[in-house]
Amino acid sequence: AKDPRRRRTMESPSSAVYLNVAHAAAYAAFGLLWLHAARLRRRSARALPAMLSDASRALGDSAPPLCVVLPVKGAHAQSAANWRAQCCSHGYAGPVSFLFVVQEEEDEAYSLVKQLQASGSLPTENVSVLVAGLAVGTSQKLHNLIHAVERIGEQSELVLMLDDDMLLAPGAVNLLAHELLSDPNALAASGFSCDAPGRWTVLAHAACVYRLILEISVAGGEGSHAWGGCCLMRRADLLESVPGGVMAHWKNRGYSDDWIITAVARKQRRRIANPPLLFLNLVDFRSPSQLYNFFHRQFFVLDTYPQPSPDEPRIQAHRLRLESYALASLMGLGGAFSAAAAPSVAWQLFRLLSHGGASSAAAARGAPGGPCALLL
């Protein structure tokens, strides 16, 4: 007689199989979203030339004065070429001035800007270098930004915060200005970083997968996320006199300029425009310690949002942080469970194949129960 307990065990799939099916479905959903984001990016890339042309035409001679703030630290082989392109080939339709900000005069960037101005590679009338000094109470980059923004003249209506290694496509600044000025409720207009593995390693891909979650929403142009590498704002929205504004939160032990802008926009129910301007960033991690440092900084940034007011629930004030924690945790747990369940799935497949082989032999001998076992 057949053992019914053995038959029930063979008929009921292992919990590991269910886990792997659930994880496969979750990753398939993320994959479909990324494919959708890729389709939106291709559509935006085809429409981008027309968008740049329309934005330049719409601004025309009425483009407001713009000040570009570039917080810099040190210099590398491409710094001189990047700064010449940013200052001389920006393509903005209105008046432009540039403020380079360094921590100290001994910084290589300070002497390089002065050398480029002396040689005529950079203009002198609209390009200045500021020395912000050592940061106290904020991150150094944010301290440099605050120092520069507070010294922008009243004639500059717009402020573009730009990383010194970001190269702007011709007309990109016009597009950002058009997106910001066409919507009075917009707090900022921002490009976004597109992370790509700089080398084919698991470490580099792990960091890029984490950032791909944000890319899904940004690719559609409605991500409402600010990115400090290229972010345009009205100078009026950066004044310290604005109640609960960006500057007030920057100075209140701020660490991340762009995440604070994003949090303030959500709190004030204002929009951040994300036109299809992606800046390639190659991720090149060579050791686990570099990957750990990356994730540590990412999650530390999530703890530097504006402090909730006394009448505001804490969970509402930190909703953006909780969303990021949840998404990153789900991705990490899904990968860990899938890796842990893989040996169990392999064992289950081995057992099924082994029982199938035994049942085939029984069926060939005409043993009772052989054909039924084949169906398992």
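Because the structure is a prediction, the values reported are computed rather than measured.

1. Here we look at the overall build of the chain
Then comes step 1: Counting its secondary structure elements, the chain contains 13 helices and nine strands.
Then comes step 2: Scored against the burial criterion, the 376 residues of the chain give a buried share of 45%.
Then comes step 3: Put simply, of all contacts in the chain between residues at least 6 apart along the chain, 78% involve residues at least 24 apart.
Then comes step 4: If you sum the accessible surface of the chain, you get close to 19500 Å²; carbon and sulfur atoms cover 60% of it.

2. Overview of the nonpolar core
Then comes step 1: Among the nonpolar cores identified, the biggest contains 45 residues, and Leu 66, Tyr 92, Phe 100 and Leu 160 are the most heavily contacted of them.
Then comes step 2: When residues of this core are assigned to their parent elements, the largest contribution, six residues, is made by helix α6 (residues 172-181).
Then comes step 3: Dropping the residues within four chain positions of it, Phe 100 is found in contact with Leu 70, Val 72, Trp 83, Cys 87, Val 113, Val 127, Ser 128, Val 129 and Leu 130.
Then comes step 4: Core analysis: the next-biggest nonpolar cluster, separate from the first, contains 28 residues, Cys 67, Ile 152, Ile 260 and Ala 265 among them.

3. What about the sheet that holds strand β5 (residues 186-190)?
Then comes step 1: Judged by pairing direction, the sheet is mixed, and its seven strands sit side by side in the order β3-β2-β1-β4-β7-β5-β8 without closing on themselves. The sheet is open, and its two borders are formed by β3 (127-131) and β8 (271-273), each paired with just one other strand. Along the sheet, successive strands turn relative to each other by an average axial angle of 25°, direction set aside.
Then comes step 2: Sheet analysis places strand β1 (residues 66-71) next to strand β2 (residues 96-102), joined by six bridges and oriented parallel. If you follow Val 68 over to β2, its bridge partner there is Phe 98.

4. So, the confidence of the model for the chain
In regions of low pLDDT, the predicted coordinates are not meant to be interpreted in detail.
Then comes step 1: In the predicted model, the chain carries a mean pLDDT of 78, and 72% of its residues have values of at least 70.
Then comes step 2: Scored below 50 in pLDDT, residues 6-11 shows nine contacts in the model against residues more than four places distant or in partner chains.
Then comes step 3: Low confidence marks residues 367-376, where pLDDT is under 50. Its contacts with residues over four positions away, or in another chain, come to 16 contacts.

5. Thoughts on α6
Then comes step 1: A large share of α6 lies buried, amounting to eight of its 10 residues.
Then comes step 2: Buried within α6 we find Ala 172, Val 173, Asn 174, Leu 175, Leu 176, Ala 177, Glu 179 and Leu 180.

6. Digging into the environment of Ala 93
Then comes step 1: With respect to the element layout, Ala 93 can be found in the loop between α3 (79-88) and β2.
Then comes step 2: Each C-alpha atom, one on Ala 93 and one on Leu 59, is 7.1 Å from the other, the two residues being 34 residues apart in sequence.

7. Observations concerning the pattern of salt bridges
Then comes step 1: All told, the structure shown has 11 salt bridges when counted by the stated rule.
Then comes step 2: A salt bridge links Glu 150 to Lys 251; the shortest N-O distance between them is 2.4 Å. Of this pair, Glu 150 sits in the loop between α5 (140-149) and β4 (158-162) while Lys 251 is found in helix α8 (residues 246-251), placing the two residues 101 residues apart along the sequence.
Then comes step 3: In this structure Lys 251 comes out as partly exposed when scored by relative accessible area, which is 34%.
Then comes step 4: Of the charged contacts, one joins Lys 251 and Glu 240 as a salt bridge, the two residues approaching to 2.9 Å between their closest N and O atoms. With a gap of 11 residues between them, Lys 251 in helix α8 and Glu 240 in the loop between β7 (230-234) and α8 connect regions that are remote in the sequence.

8. Quick word on a positive patch on the surface
Then comes step 1: On the surface, a cluster of positive charge is made up of Arg 39, Arg 42, Arg 43 and Arg 46.
Then comes step 2: Following the sequence through the fold, Arg 46 ends up in helix α2 (residues 15-59).

9. With respect to helix α4 (residues 108-119)
Then comes step 1: Taking 1.5 Å per residue as the helical rise, α4 with its 12 residues ought to reach 16 Å, and the 17 Å between its terminal C-alpha atoms agrees with that figure.
Then comes step 2: Of the positions making up α4, those classed as buried are Ala 109, Tyr 110, Leu 112, Val 113, Leu 116 and Gln 117.
Then comes step 3: Of the surrounding secondary structure, the elements contacted by the buried residues of α4 are α3, β2 and β3.
Then comes step 4: The N-cap of α4, judged by a side-chain oxygen 2.8 Å from the amide nitrogen of Ala 109 a few residues on, is Asp 107.
Then comes step 5: Of the residues trailing α4, Gly 120 is marked for its positive phi of about 85°.

10. A closer look at the pairing of β2
Then comes step 1: Most of β2 sits inside the fold, with six of its seven residues counted as buried.
Then comes step 2: Read as a crossover between parallel neighbours, the route from β1 over α3 to β2 is right-handed.
Then comes step 3: Pairing of β2 with β3, which is carried by five bridges, proceeds in the parallel orientation. From the neighbouring strand, Val 102 faces β3, where its bridge partner is Val 131.
Then comes step 4: A crossover links β2 with its parallel partner β3, the connecting element being α4, and its sense is right-handed.

11. Some thoughts on the environment of Met 51
Then comes step 1: Tracing the chain through its elements places Met 51 in helix α2.
Then comes step 2: Once residues lying within four places of it in the same chain are set aside, the contact partners of Met 51 are Leu 175, Glu 179 and Pro 276.

12. Some thoughts on the packing of α3 against α4
Then comes step 1: α4 packs onto α3 with a crossing angle of 60° between their chain directions and a minimal axis gap of 11 Å. Relative to α4, the element α3 lies oblique. Along this stretch, α3 crosses α4, giving a crossing that reads as right-handed. Residue-level inspection shows Ser 79, Ala 80, Trp 83 and Arg 84 of α3 in contact with α4, the latter providing Ala 109, Leu 112, Val 113 and Leu 116.
Then comes step 2: Considering only residue class, the contact of α3 with α4 consists of six nonpolar, one polar and one charged.

Reading the values: rules and limits
- Residues numbered from 1 in each chain as written.
- Predicted model: local features only at pLDDT ≥ 70, side-chain atom pairs only at ≥ 80, totals over all residues.
- Heavy atoms only, no water.
- Helix = DSSP H or I, 4+ residues; strand = E, 2+ residues; numbered from the N terminus.
- Buried < 20%, exposed > 50% of the residue type's maximum accessible area, 1.4 Å probe, protein only.
- Contact = heavy atoms within 4.5 Å.
- Areas by Shrake-Rupley, 256 points an atom, 1.4 Å probe, with all protein chains shown as cover.
- Core = buried A, V, L, I, M, F, W, Y, C linked by side-chain atoms within 4.5 Å.
- Pairing = 2+ DSSP bridges.
- Axes fitted to C-alpha atoms, helices over the stretch in contact; angles between N-to-C directions.
- pLDDT = per-residue confidence, 0-100.
- Salt bridge = Lys/Arg side-chain N within 4 Å of Asp/Glu carboxyl O.
- Patch = residues over 30% accessible without salt bridge, like charges linked within 9 Å, V, L, I, M, F, W, Y side chains within 5 Å.
- Lys, Arg positive; Asp, Glu negative; His and termini not counted.
- Charge placed at Lys NZ, Arg CZ, Asp CG, Glu CD.
- Expected span 1.5 Å × (residues − 1).
- Polar contact = N/O pair within 3.5 Å; in protein donor to acceptor, adjacent residues only side chain to side chain.
- Right-handed = clockwise from strand over helix to strand, strands pointing away.
- Parallel < 35°, antiparallel > 145°, perpendicular 65-115°, else oblique.
- Left-handed = near helix turned anticlockwise from the far one by under 90°.
- Nonpolar A, V, L, I, M, F, W, Y, C, P; charged D, E, K, R; others polar.

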